Amino acid sequence: MVFEQNTGYGIIQLLQLFAVYSFIGWLIDNVYCLIKDRHRFDRGILKGPYMPLYGIMMILSLLVAHQLEEDLVYMIIILFVIATLVELIAGMLIHFVSLNRYWNYTGRFLNLHGYTCFYHSLKATLILAGCLVLVDPIVMSILAVTPPWLDLVFLIVFYICFISDSIDAIDEGLFMRKFMKSDVKIYHRNKQKKKAGF
């Protein structure tokens, strides 16, 4: 109750919005790839139709927007910071778990170790702002008339799939990390053998 008074959102509502915006983010990302590369290219690490990166960005943006409704300039700056930090942390975590990169902005203007860059953060900021102004009112109006039992079924199904998918992705990432480490060791061992004349 106190949390809802401070943030404007209940826990269940935030869980719903995370699920919805994870899907919308996945949809936007795939549509963008279709337009840009002329084919669908799922860049997420999860198998399902959701990208938690966008869900987290949007939840944080909604919480900020609730506190800074009248300060547009400051809110846009905060949205830019959210987009940058979330992508930076996500990129570093994925790299740490799997020793692999699902995106790399090395060479781009104002990039942070290739995990994020100014252009992509600006693009994400505009998407977040657009969702706040155009998409969120529609999403909230739909959720307002959805029967409670349907909300419950939706949350149970989504989070069972999402958690199961996440566990599989972490397992695959750890396997990839182990494989890549062993591959590097074999490479260096063979290199040492060649130097020794074997």
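It should be emphasised that the depicted structure is a prediction, and the values quoted were computed from it without experimental measurement. (Residues numbered from 1 in each chain as written. Predicted model: local features only at pLDDT ≥ 70, side-chain atom pairs only at ≥ 80, totals over all residues. Heavy atoms only, no water.)

Engineer: I would appreciate a short explanation of the overall build of the protein chain in the present structure.
Structural biologist: When its secondary structure is counted, the protein chain shows 6 helices and 0 strands. In the protein chain, the succession of α and β elements from N to C terminus is α-α-α-α-α-α. Among the 198 residues that make up the protein chain, the fraction classed as buried is 36%. Of the contacts formed within the protein chain by residues at least 6 apart in sequence, a portion of 68% connects residues at least 24 apart. Surface summary for the protein chain: the accessible area is close to 12,800 Å², and the carbon and sulfur share equals 72%. (Helix = DSSP H or I, 4+ residues; strand = E, 2+ residues; numbered from the N terminus. Buried < 20%, exposed > 50% of the residue type's maximum accessible area, 1.4 Å probe, protein only. Contact = heavy atoms within 4.5 Å. Areas by Shrake-Rupley, 256 points an atom, 1.4 Å probe, with all protein chains shown as cover.)

Engineer: Where do I start with the packing of aromatic side chains in this structure?
Structural biologist: How two aromatic rings sit relative to each other is set out by the distance from centre to centre and by the angle between their planes. In this structure the tally under the stated criterion is 12 aromatic pairs. With a centroid separation of 5.6 Å and an interplanar angle of 70 degrees, the aromatic rings of F18 and F162 are classed as edge-to-face. One end of the pair, F18, is in helix 2 (residues 11-37); the other, F162, is in helix 6 (residues 148-196), with 144 residues separating them in the sequence. One exposure class covers both F18 and F162, and it is buried. For the pair F109 and F118, a centre-to-centre distance of 5.9 Å together with 80 degrees between the ring planes defines the contact as edge-to-face. Residue F118 is classed as partly exposed on the basis of its relative accessible area of 34%. Pairwise contacts between aromatic rings join F18, Y50, F154, F158, Y159 and F162 into one cluster. The ring of Y32 carries the charged tip of K123 above its face, separated from the ring centre by 4.1 Å. (Phe/Tyr/Trp six-rings, centres within 6.5 Å; stacked < 30°, edge-to-face > 60°. Lys NZ or Arg CZ within 6 Å of the ring centre and 35° of its normal.)

Engineer: I tried to follow the nonpolar core on my own but got confused; where do I start?
Structural biologist: A general trend in soluble globular proteins is that nonpolar side chains are found buried together. Among the nonpolar cores identified, the biggest contains 39 residues, and L17 and Y21 are the most heavily contacted of them. Of all the secondary structure elements, the ones that give two or more residues to this core are helix 2, helix 3 (52-67), helix 4 (72-98), helix 5 (118-145) and helix 6. Those residues within four positions of Y21 in sequence are excluded, and the remaining contacts are Y54, G55, M58, L62, C131, V135, D136 and V139. (Core = buried A, V, L, I, M, F, W, Y, C linked by side-chain atoms within 4.5 Å.)

Engineer: How should I be thinking about the packing of helix 4 against helix 5 in this particular structure?
Structural biologist: Two quantities define a packed helix pair, namely the angle between the axes and the distance from one axis to the other. Interaxial distance between helix 4 and helix 5 falls to 8 Å at its minimum, and their mutual angle equals 120 degrees. In terms of their interaxial angle, helix 4 and helix 5 are classed as oblique. Of the two possible hands of crossing, helix 4 and helix 5 adopt the one that is right-handed. Here helix 4 contributes I76, L79, F80, A83, T84 and E87 to the contact with helix 5, which in turn contributes F118, H120, S121, L122, A124, T125, L128, A129 and L132. (Axes fitted to C-alpha atoms, helices over the stretch in contact; angles between N-to-C directions. Parallel < 35°, antiparallel > 145°, perpendicular 65-115°, else oblique. Left-handed = near helix turned anticlockwise from the far one by under 90°.)

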